[in-house]
Amino acid sequence: MESMNAIVAANIKRIRQEKGLSLDDLSRISGVSKSMLAQIERGEGNPTISTLWKISNGMSIPFDAMTVRPESEYDIVRMDDIEPILEDNGRVHNRPIFPDDGKRHFAVYFLTLDKGSYWESESHLKGAEEFITVIEGTIEITADEKTFSISSTDSIRFKADTKHSYRNAGGNQARMHMIIYNP
């Protein structure tokens, strides 16, 4: 399976070119430096989730458009084959299981959060919602300035078009499934 960095690199470059944007243009609208964007497009960078959100918001595309794999008739996804996108110095692993290809309007992710880890997400596209089920552990989610403690087998839905955050509030690694709806 192609590495996640290579998939992200090819998708960002393709989308940027389809939109007629130069690296300077994308840097200006995303707030990500031109040198970092060039490095990412060459597949040499290891962008954080936050950096990828800035790029997706700058281009007004769903986050998943950057992580989508080539389409096939069916997909069997093996967790070990998916290179995670990292945040919080590698303590948050986000694996795009079924990225939004722009047609289905939703994406499925599997996240692991190490003990004590924290990640603040950029706002998603207007009208986006997240649906989260915690599989193991306890995760504190702050959305719209309200904080919720979600434990194993609990689920939450919230509007994701504002900044929101996730914190592992338990004593061990936490695991969760996330579905993002993109209108």
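In this text the structure is predicted, and so the values were computed from the model without any measurement.

Definitions and cut-offs
- Residues numbered from 1 in each chain as written.
- Predicted model: local features only at pLDDT ≥ 70, side-chain atom pairs only at ≥ 80, totals over all residues.
- Heavy atoms only, no water.
- Helix = DSSP H or I, 4+ residues; strand = E, 2+ residues; numbered from the N terminus.
- Rg over C-alpha atoms; globule rule 2.2 N^0.38 Å.
- Contact = heavy atoms within 4.5 Å.
- Areas by Shrake-Rupley, 256 points an atom, 1.4 Å probe, with all protein chains shown as cover.
- Lys, Arg positive; Asp, Glu negative; His and termini not counted.
- Charge placed at Lys NZ, Arg CZ, Asp CG, Glu CD.
- Core = buried A, V, L, I, M, F, W, Y, C linked by side-chain atoms within 4.5 Å.
- Buried < 20%, exposed > 50% of the residue type's maximum accessible area, 1.4 Å probe, protein only.
- Pairing = 2+ DSSP bridges.
- Axes fitted to C-alpha atoms, helices over the stretch in contact; angles between N-to-C directions.
- Phe/Tyr/Trp six-rings, centres within 6.5 Å; stacked < 30°, edge-to-face > 60°.
- Lys NZ or Arg CZ within 6 Å of the ring centre and 35° of its normal.

**Here we look at the overall build of the protein chain**
- Looking only at helices and strands, the protein chain features 4 helices and 10 strands.
- Taken from the N to the C terminus, the helices and strands of the protein chain come in the order α-α-α-α-β-β-β-β-β-β-β-β-β-β.
- Taking 2.2 N^0.38 as the reference for a compact globule, 183 residues should give roughly 16 Å; the C-alpha atoms of the protein chain span a radius of gyration of 16 Å, in line with that estimate.
- With the C-alpha coordinates aligned to their principal axes, the bounding extent of the protein chain is approximately 45 × 35 × 30 Å.
- Intrachain contacts of the protein chain at a sequence separation of at least 6 include 67% that bridge at least 24 residues.
- In the structure as shown, the protein chain presents an accessible area of about 9,200 Å², 47% of it carried by carbon and sulfur atoms.
- Considering the protein chain, the positive charge centre built from 22 side chains and the negative charge centre built from 28 side chains are found 3 Å apart.

**Remarks on the nonpolar core**
- Ranked by size, the top nonpolar core spans 47 residues in total, and within it I12, I55, I132, Y166 and M176 carry the most contacts.
- Top element by residues in this core is strand β3 (residues 106-113). It accounts for 6 residues.
- Beyond its immediate stretch of four places on either side in the chain, M176 contacts Y109, F110, L111, L113, I132, T133, V134, I135, I139 and Y166.

**Brief notes about the sheet that holds strand β4 (residues 118-121)**
- Reading across the sheet, the 4 strands line up as β4-β9-β6-β7 and stay open at both edges, with antiparallel pairing between neighbours. The outermost strands of the open sheet, each flanked by one partner alone, are β4 and β7 (146-151). The average undirected angle you get between the axes of adjacent strands in this sheet is 15°.
- Looking at chain direction, β4 and strand β9 (residues 164-168) are connected through 4 bridges and run antiparallel. When the bridges of β9 are listed, S121 appears paired with H164.

**Things to note about the packing of aromatic side chains**
- Counted under the stated rule, the structure contains 3 aromatic pairs.
- Here the aromatic residues W53, F63 and Y109 are joined through ring pairs into a cluster of three or more.
- Across from the ring centre of F106, 5.9 Å away, lies the NZ or CZ of R104, which sits over that ring.

**Quick notes on the sheet that holds strand β2 (residues 92-98)**
- Strand order in the open sheet formed by 6 strands is β1-β2-β3-β10-β5-β8, and the pairing between neighbours is antiparallel. In the strand order of this sheet, the two ends are held by β1 (85-87) and β8 (155-159), each with one partner. On average, each strand axis in the sheet is inclined to that of its neighbour by 25°, with strand direction left out of account.
- In this sheet, strand β10 (residues 174-181) lies alongside strand β5 (residues 129-136) in antiparallel orientation, the contact comprising 7 bridges. Residue pairing across strands places E136 opposite R175, the latter belonging to β10.
- Against the sheet, helix α4 (residues 49-59) engages β1, β2 and β10, with an angle of about 110° to β1.

**Re the environment of I141**
- Here I141 shows up in strand β6 (residues 138-143).
- Classification of I141 as buried rests on a relative accessible area of 0%.
- For the pair I141 and W53, spaced 88 residues apart in sequence, the C-alpha to C-alpha distance is 18 Å.
- Other than its neighbours up to four places away in sequence, I141 contacts I132, K146, T147, F148, I150, I156, F158, S165 and Y166.

**Structural notes on the side chain of T67**
- Its location among the elements puts T67 in the loop between α4 and β1.
- Discounting residues that sit within four places of it in the chain, T67 has contacts with M4, I7, V8, N11, I85, P96, P99 and Y109.

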